[in-house]
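Spelled out, the chains give:
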Amino acid sequence: MNYRFMRVLVFFDLPTETAADKRAYRQFRKALVKNGFVMMQESVYCRLLINANAGKAAMETVRRNKPPKGLVQMLTVTEKQFAEMEYLVGQNTSDVITTDERLIIL
């Protein structure tokens, strides 16, 4: 099988003014984490995928869980493009395991 690693980035700006808005925000965030997304920074989540088909499935999951209000955006980039990200302030601190092995024992 040919692997072409990709990343799906999810950017969101959701209202948190009412109790219903806060609940929708929490449910959306929990759905992202449950589906393998990792927070890069506040309101920006990322998921590593093995190919474009997995990316389409991950994006459909985000679409199904989107809240009724607010702005949610998705961007798909290759792993090579993601690796070329330039950090202008701060440094790359990652708790993410970067390996292409299918089984990882923590």
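Look a little higher up for the structure.
Residues numbered from 1 in each chain as written. Predicted model: local features only at pLDDT ≥ 70, side-chain atom pairs only at ≥ 80, totals over all residues. Heavy atoms only, no water.

Visitor: Give me the lowdown on unusual backbone geometry, citing residues and values where you can.
Guide: Positive phi, close to 70 degrees, is recorded for Ser-43, a residue that is not glycine. Relative to the helices and strands, Ser-43 is located in the loop between strand S2 (38–41) and strand S3 (44–49). (Helix = DSSP H or I, 4+ residues; strand = E, 2+ residues; numbered from the N terminus.)

Visitor: Residues and numbers for helix H1 (residues 19–34), please.
Guide: Over its 16 residues, H1 runs 22 Å from end to end, which matches the ideal 22 Å to within 8%, given 1.5 Å per residue. Listing the buried residues of H1 in full gives Asp-21, Ala-24, Phe-28, Ala-31 and Leu-32. Seen along its axis, H1 keeps its buried residues to an arc of 100 degrees; they face one direction. Residues of H1 that are exposed and point over 90 degrees away from its buried face: Ala-19, Arg-23, Lys-30 and Lys-34. (Expected span 1.5 Å × (residues − 1). Buried < 20%, exposed > 50% of the residue type's maximum accessible area, 1.4 Å probe, protein only. Arc of directions from axis to C-beta.)

Visitor: Pulling in residues and values, what's your account of the environment of Phe-28?
Guide: Along the chain, Phe-28 falls in helix H1. For Phe-28, a relative accessible area of 1% puts it in the buried group. Each C-alpha atom of the pair Phe-28 and Lys-66 lies 6.3 Å from the other, and the pair is 38 residues apart in sequence. Ignoring any residue separated from it by four or fewer positions in sequence, one finds Phe-28 in contact with Val-10, Phe-12, Leu-14, Val-62, Asn-65, Lys-66, Pro-67 and Val-72. (Contact = heavy atoms within 4.5 Å.)

Visitor: Provide a residue-level description of the environment of Pro-68, including the pertinent values.
Guide: Inspection of the secondary structure assignment puts Pro-68 in the loop between helix H2 (52–65) and strand S4 (71–78). Since its relative accessible area comes to 79%, Pro-68 is described here as exposed. In the structure, Pro-68 is positioned 43 residues away from Tyr-25 in sequence and 9.9 Å away in space, judged by C-alpha atoms.

Visitor: Got a sec to walk through a positive patch on the surface? Specific residues and values, please.
Guide: Side chains of Lys-22, Arg-23, Arg-26, Arg-29 and Lys-30 sit close together on the surface and give a patch of like positive charge. As for its placement among the helices and strands, Arg-23 is situated in helix H1. (Patch = residues over 30% accessible without salt bridge, like charges linked within 9 Å, V, L, I, M, F, W, Y side chains within 5 Å. Areas by Shrake-Rupley, 256 points an atom, 1.4 Å probe, with all protein chains shown as cover. Salt bridge = Lys/Arg side-chain N within 4 Å of Asp/Glu carboxyl O. Lys, Arg positive; Asp, Glu negative; His and termini not counted. Charge placed at Lys NZ, Arg CZ, Asp CG, Glu CD.)

Visitor: Residues and numbers for H2, please.
Guide: Its 14 residues give H2 an end-to-end C-alpha distance of 20 Å, which sits within 8% of 20 Å, the value for a rise of 1.5 Å per residue. The set of residues buried in H2 consists of Gly-55, Ala-58, Met-59, Thr-61 and Val-62. Around the axis of H2, the buried residues are gathered within 150 degrees of arc, so they sit on the same side. Structural note: H2 exposes Asn-53, Lys-56 and Arg-64 on the side pointing more than 90 degrees away from its buried face. In this structure, the buried residues of H2 make contact with strand S1 (6–13), H1, S3 and S4. Among the residues of H2, the N-terminal cap falls to Asn-51, whose side-chain oxygen and the backbone nitrogen of Asn-53 are separated by 3.2 Å. (Polar contact = N/O pair within 3.5 Å; in protein donor to acceptor, adjacent residues only side chain to side chain.)

Visitor: Which residues make up the nonpolar core, and what values do they have?
Guide: Residues Val-8, Val-10, Phe-12, Leu-14, Phe-28, Leu-32, Phe-37, Tyr-45, Leu-49, Ala-58, Met-59 and Val-62 constitute the largest nonpolar core, which totals 12 residues. Those elements that provide at least two residues to this core are S1, H1, S3 and H2. Excluding residues within four positions of it along the chain, Val-62 makes contact with Val-10, Phe-28, Leu-32, Phe-37, Val-72 and Met-74. (Core = buried A, V, L, I, M, F, W, Y, C linked by side-chain atoms within 4.5 Å.)

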